Amino acid sequence: HPDMRRLMDKYSERPDWLDEAKLAEGQALMVRFLPVAVYWMYYASLVGGFSFPNITKVLLSTGYLCGSAENVKKRLSDTFRMVLSVT
């Protein structure tokens, strides 16, 4: 799709102001603490989120983290892939 191609072209190039050293430092920090981040994502964020009615409504309406084990597995996998892709 042409709109998607333009979006990808626009954001695939690193901007001039990007500090490569700081980016590398942030990536190393994320990789170092990734096991802790995954732990907190699951136990603090996802499990804790079920106690908020508005979040529960969203989860029920989308089918994420409820219903079949496959839905739950897909949601957790999607989130984990997103975290990995930005590290």
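What you see is a predicted model, and the numbers here were worked out from it, not measured in a lab. (Residues numbered from 1 in each chain as written. Predicted model: local features only at pLDDT ≥ 70, side-chain atom pairs only at ≥ 80, totals over all residues. Heavy atoms only, no water.)

1. Details of the pattern of salt bridges
- Tallied over the full model, the rule gives five salt bridges.
- A salt bridge links Arg 6 to Asp 3, with the nearest nitrogen and oxygen atoms 2.1 Å apart. Note that Arg 6 and Asp 3 are positioned in helix 1 (residues 2-12) at a spacing of three residues, about one turn of the helix.
- Glu 20 is the salt-bridge partner of Arg 14, the closest N and O atoms lying 2.7 Å from each other.
- The network of salt bridges with shared partners includes Lys 74, Asp 78 and Arg 81. (Salt bridge = Lys/Arg side-chain N within 4 Å of Asp/Glu carboxyl O. Helix = DSSP H or I, 4+ residues; strand = E, 2+ residues; numbered from the N terminus.)

2. Overview of the environment of Gly 63
- Tracing the backbone shows Gly 63 in the loop between helix 3 (53-62) and helix 4 (69-85).
- The exposure class assigned to Gly 63 is buried, which follows from its relative accessible area of 16%. (Buried < 20%, exposed > 50% of the residue type's maximum accessible area, 1.4 Å probe, protein only.)

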